[in-house]
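In case you want the letters, here they are:
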Amino acid sequence: KQWYQRRVAITAGDSFPPSSIFAEFRLLIYCVKMSYSGYYRGRGGGPRGPPRGGGPRQPGGYGPPPLPPDMIYKSFDPLESKHLFQRVAPEKDDTELSQAIIAKNLELTPPPEELAKLQEQVTKLTSIVDTLVVSPAPEVDIEEMRVVGSFKKGTILAGHKTADIVLIIKHLPTLEDITNIQNLMKEKMNAQQPEKERKKATTKSHESGFSYTFNGSTLNVFVTTLPNNTKETIDPEKHLKLENLKNSLAAIRHARWFEENAYQSSIRILVRILKDFKKRIPFFMNVNPWTIDLLAHHSAVSNTNGNTLSVPQVFRRCLQLLAAGILLPGSASISDPCEPGFVKAHSFMSYEHQDELACGAQTLLRALSHGGYKEILAMKGARKITFENAVMFDGIIVTPSKLAYEKPTEPAEAMETNGS
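Residues numbered from 1 in each chain as written. Predicted model: local features only at pLDDT ≥ 70, side-chain atom pairs only at ≥ 80, totals over all residues. Heavy atoms only, no water.

**Q** Help me understand the packing of helix α9 (residues 289-301) against helix α10 (residues 311-324) in this model?
**A** When two helices pack together, their arrangement is given by the angle between the helix axes and by the axis-to-axis distance. Their axes nearest at 9 Å, the elements α9 and α10 cross at an angle of 115°. Judged by the angle between their axes, α9 and α10 are roughly perpendicular. In this structure, α9 crosses over α10, and the sense of that crossing is right-handed. Seen from α9, the contacting residues are Leu295, His298, Ser299 and Ala300; seen from α10, they are Val314, Arg317, Cys318, Leu321 and Leu322. A class-by-class count of the residues in the contact of α9 with α10 yields six nonpolar, two polar and one charged. (Axes fitted to C-alpha atoms, helices over the stretch in contact; angles between N-to-C directions. Helix = DSSP H or I, 4+ residues; strand = E, 2+ residues; numbered from the N terminus. Parallel < 35°, antiparallel > 145°, perpendicular 65-115°, else oblique. Left-handed = near helix turned anticlockwise from the far one by under 90°. Contact = heavy atoms within 4.5 Å. Nonpolar A, V, L, I, M, F, W, Y, C, P; charged D, E, K, R; others polar.)

Structure, rendered in structure tokens:
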């Protein structure tokens, strides 16, 4: 049935996201091959009956074989399918939901004083690096510095007093380089702090660089190198891990892409809401920040009619897409715009985590449909939403969805026999 529906969709000339054009072209070739193989005949294009003399019966009846196992599908999107479903009731008034989302966004947004203190430390480090680029120190060979992460994107949460910074040096960074840069930055940063408070400054190294903390504000510095240098041979005992170097370079691409494309305020609002979900809802904890950014952008911008969606519509559509399986195995998903080829945004997630996310989103969507937005957003005075037991919203009992994925069991070891 799914194969036939997608065949009709392609014949009708439906548009598909650029990320899945290659897969749709393969599917079109598959349809044509099946047509020429005799599975379809006549103008109606209906499936033929059983072959003369009997033949193998396909699962579910005679007709075309199932799709190849590696074929992907486009998950259901209610916004793109409005013309197929006639409304039987007027649309709900989203005024209260809109006010609740805006109030929650204000609660999650850092106060101006907190951002000003963090920006002050970023400005000091920027001036130091600019000086070192023009007049390099003997032990440090810096190419440039980039501010990345939620601070750069404008999606930082209240209480998260940390700015992520990528420091690019001209050669493969070694563990000794990290120590030298850390000591040099601490010395020069402390020289710009008030003399009486310099003792409050602390530094701490990590696998990708180091962090500098002063007066509650933290600069998390990731050290990497120029992209071409990552092709060189890396000594694990001497250099930083290749994966960490690439992740730092990817953070630069992510920040640039978000700054250029996430121009709607509703995107940043939804990112903060989803990051809050990540902190307090179990099945959201396995979604990384970049996937949240892409999901928020897709929910707000990707629609064929080109209409600008309101904040409640973007929020509801996000839950609808997750509930429909946009981040499930086999889904066309959301293509990572910062990686070559077709890389799914949720490719890092295990099957268990993908199932938990879709299952939990279905429960949240049902609760939202029956007025449970205060519980979903964790507004003050609202009860805590549960995903284990049924809960009543506006006189309607909402039962949590059950997980569908079953992890395959390992084959039992062959029992030894004595030949009897």
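**Q** Is there a simple way to think about the environment of Gly372 in this case?
**A** As for its position among the elements, Gly372 is in the loop between α11 (351-369) and α12 (373-377). Counting along the chain gives 21 residues from Gly372 to Phe393, while the straight-line C-alpha distance between them is 6.0 Å. With sequence-adjacent residues up to four places away left out, Gly372 is seen in contact with Ala367 and Phe393.

**Q** Where do I start with the pairing of strand β2 (residues 162-169) in this structure?
**A** Sheet faces and side chains relate simply in a regular strand, where the side chains alternate between the two faces. Burial analysis of β2 places seven of its eight residues in the buried class, the great majority of the element. Where strand β1 (residues 142-148) meets β2, six bridges bridge the pair, whose relative direction is antiparallel. Counterpart to Val148 in the pairing with β2 is Asp164. Pairing analysis gives eight bridges linking β2 to strand β5 (residues 217-225), with the strands arranged parallel. Along β5, the bridge assignment pairs Ile168 with Thr224. (Buried < 20%, exposed > 50% of the residue type's maximum accessible area, 1.4 Å probe, protein only. Pairing = 2+ DSSP bridges.)

**Q** How should I be thinking about a nonpolar patch on the surface in this particular structure?
**A** Together, Phe76, Leu84 and Phe85 give the surface a local cluster of nonpolar side chains, amounting to about 350 Å² of exposed area. By the secondary structure assignment, Leu84 is in the loop between α2 (21-39) and α3 (95-108). Note on Leu84: relative accessible area 59%, which makes it exposed. (Patch = residues over 30% accessible without salt bridge, like charges linked within 9 Å, V, L, I, M, F, W, Y side chains within 5 Å. Areas by Shrake-Rupley, 256 points an atom, 1.4 Å probe, with all protein chains shown as cover. Salt bridge = Lys/Arg side-chain N within 4 Å of Asp/Glu carboxyl O.)

**Q** Looking at this structure, I do not really get the sheet that holds strand β3 (residues 202-206). What am I missing?
**A** Either a parallel or an antiparallel arrangement is found when strands of a sheet pair, and the pairing is made through backbone hydrogen bonds. Judged by pairing direction, the sheet is mixed, and its five strands sit side by side in the order β1-β2-β5-β4-β3 without closing on themselves. Either end of the sheet is taken by a strand with one partner, and the two such strands are β1 and β3. For this sheet, the mean inter-axis angle between neighbouring strands, taken without regard to orientation, is 20°. Here β3 pairs with strand β4 (residues 209-214) via five bridges, running antiparallel. Within β4, the position partnered with Lys204 by the bridge is Ser211. The strands touched by helix α4 (residues 112-134) are β1, β2, β4 and β5; relative to β5, the strand with the most contacts, the crossing angle is about 35°. Sitting on the sheet, helix α7 (residues 242-261) touches β1, β2 and β5, and the angle it makes with β5 is about 115°.

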